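In case you want the letters, here they are:
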Amino acid sequence: AQAMPSALLPAGAGDGVVPSPLLRQDEQLELLERLDFVLRNVVELRKEVEELRNSLQHLAVEIVGEVRSHLEETQRVSRRRKLPFFRDRSDSTGSSSIYFTASSGNLNTDDGESEGGYTTANAESDYDRESERESEDEVSCDTVRTVRRDSLDLVPEDESPLVVDSLLEEGLGQLLEQADRLHSGDEQDRREGFQLLLNNKLAYAGQQEFLWRLARAHCDMWELTEDTDERRSYATGGKEELELALQKWDGSAECHQWFAILCGQVSEQESIPKRIQAGYVFKEHIDKAIALKPQDPQLYYLLGRWCYQVAHLGWLEKRTVSALFEAPPTATVQDALQNFLRVEELSPGFSKAGRVYIAKCYRDLGNTTAAMLWMDLASELPGNTKEDAESEKELQEMRSVWKE
């Protein structure tokens, strides 16, 4: 009785009462085992949280270091490009553009030049060169300090981060140019472009031109991947990026265009009702993109494909549309043909697939002569994409059917 806390004794029990345990011995052992199991899990969870915290701290340090290194390198490149034009000269014709790094024209100054307009190594005094190096080092150090303070939200109110903004803008322009070039390349180039944009997402996630290109890269990866789960992951990731972008930049034709494409990709493996619902969203955003950019042939090609697919809905799909939607989508083969012809009007030979679709439209409308003509025109174009390769197969099938 002395070993048992008074709080565990029955109410009103006298001093002579022998306490009885609330739990049997086997129940107590089971309870102790469960408590021990919980404690072990709590300890392990605490260790995992600590490891995760340390990993995140290391990752933050690495990210800040990478951004700082990128800015320092960009600053050095910018300084080297501008070195020949540091001193005020009224007769300088050098371009300030980042795409021109040498002076142009036949300059005739007192600094001394070699043939072709390039400044010679001995044209400046040791004092001038030393002053320029010191100026470069000071600007570079100031830039690093500004980035460090900016990353910690400690920028003083009296300092304007104009240098950092200028460097970020210049870096963004070069990044977008490289991303466009890789997007137009082969499979390896497009994979490289996707990784390039991912690596720079931290620095440029708030830029409209960057975000729609990142979404476009998701579309590229969707096309290059055969695995169903990976395809859905790429399409969903790109769609989520543009959902946020459209809240801020509803006036961007590119954002609407790639959002529409990603909606179609996400719904590829979905049920018929979800695919039909995605079709409504696709049409809505393509129409907005065309209103914003009416001279883009790619948009009319996408709209033509939508019209062609709606015109060829199967019996089950039509019944589903009628049952679920008050205003089912409507489009005819003639509508599709007009959009594909608009593509050729804006950009003759825009794509092999587009001309194959024109041939299919004329075939469906019963105009065999026009269909054969556009088949021949499609054969003249090279197949640059996976879609073009599929179109070439359709061409061969159409020719074989008409030969029979």
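Scroll up a little and you will see the structure.
A quick note: this is a predicted structure, and the numbers were derived from the prediction, not measured. (Residues numbered from 1 in each chain as written. Predicted model: local features only at pLDDT ≥ 70, side-chain atom pairs only at ≥ 80, totals over all residues. Heavy atoms only, no water.)

(A) Structural detail: a nonpolar patch on the surface. Taken together, the side chains of Leu 29, Leu 31, Leu 32 and Leu 35 make up a nonpolar region of the molecular surface, amounting to roughly 380 Å² of accessible area. Note on placement: Leu 31 falls in helix 1 (residues 25–82). Its relative accessible area of 41% is what places Leu 31 among the partly exposed residues. (Patch = residues over 30% accessible without salt bridge, like charges linked within 9 Å, V, L, I, M, F, W, Y side chains within 5 Å. Areas by Shrake-Rupley, 256 points an atom, 1.4 Å probe, with all protein chains shown as cover. Salt bridge = Lys/Arg side-chain N within 4 Å of Asp/Glu carboxyl O. Helix = DSSP H or I, 4+ residues; strand = E, 2+ residues; numbered from the N terminus. Buried < 20%, exposed > 50% of the residue type's maximum accessible area, 1.4 Å probe, protein only.)

(B) Up close: the side chain of Asp 220. Take Asp 220: it is sitting in helix 6 (residues 208–224). A distance of 3.1 Å separates a polar atom in the side chain of Asp 220 from a polar atom in the side chain of Arg 190. Contact partners of Asp 220, with chain neighbours within four places excluded, come to His 183 and Arg 190. (Polar contact = N/O pair within 3.5 Å; in protein donor to acceptor, adjacent residues only side chain to side chain. Contact = heavy atoms within 4.5 Å.)

(C) View of helix 8 (residues 253–266). Given a rise of 1.5 Å per residue, 14 residues ought to cover 20 Å, and the 20 Å separating the end C-alpha atoms of helix 8 matches this to within 8%. Within helix 8, 13 of the 14 residues are buried, which leaves it mostly tucked inside the rest of the structure. (Expected span 1.5 Å × (residues − 1).)

(D) The arrangement of the nonpolar core in detail. Grouped together as the largest cluster of nonpolar side chains are 66 residues, with contacts concentrated most on Phe 210, Leu 242 and Ile 286. Here this core takes 10 residues from helix 6, the largest share from any one element. Setting aside chain neighbours within four positions, we find Ile 286 in contact with Gln 257, Ala 260, Leu 299, Leu 302 and Leu 303. (Core = buried A, V, L, I, M, F, W, Y, C linked by side-chain atoms within 4.5 Å.)

(E) Looking closely at the state of the cysteines. Under the criterion given, the structure shown has 0 disulfides. In this structure Cys 263 is not part of a disulfide, and its nearest cysteine sulfur, from Cys 219, lies 10.0 Å away. Cys 361 forms no disulfide, and the closest cysteine sulfur to it belongs to Cys 307, at a distance of 9.3 Å. (Disulfide = S-S within 2.5 Å.)

(F) Focus on the packing of helix 13 (residues 352–364) against helix 15 (residues 386–403). Contact geometry for helix 13 and helix 15: axes closest at 9 Å, N-to-C directions at 30°. Taken together, the axes of helix 13 and helix 15 are roughly parallel relative to one another. Of the two elements, helix 13 crosses helix 15, and the hand of that crossing is left-handed. Residues Lys 352, Ala 353, Val 356, Ala 359, Lys 360 and Arg 363 of helix 13 pack against Glu 387, Asp 388, Ser 391, Glu 392, Glu 394, Leu 395, Met 398 and Trp 402 of helix 15. Residue classes in the contact of helix 13 with helix 15 are distributed as 6 nonpolar, 1 polar and 7 charged. (Axes fitted to C-alpha atoms, helices over the stretch in contact; angles between N-to-C directions. Parallel < 35°, antiparallel > 145°, perpendicular 65-115°, else oblique. Left-handed = near helix turned anticlockwise from the far one by under 90°. Nonpolar A, V, L, I, M, F, W, Y, C, P; charged D, E, K, R; others polar.)

(G) How the structure looks around the environment of Trp 374. Within the secondary structure, Trp 374 sits in helix 14 (residues 368–379). Considering only alpha carbons, one finds Trp 374 and Ile 358, 16 residues apart in sequence, at a separation of 6.6 Å. Leaving out residues up to four positions away in the same chain, Trp 374 has contacts with Leu 341, Glu 344, Arg 355, Ile 358, Ala 359 and Tyr 362.

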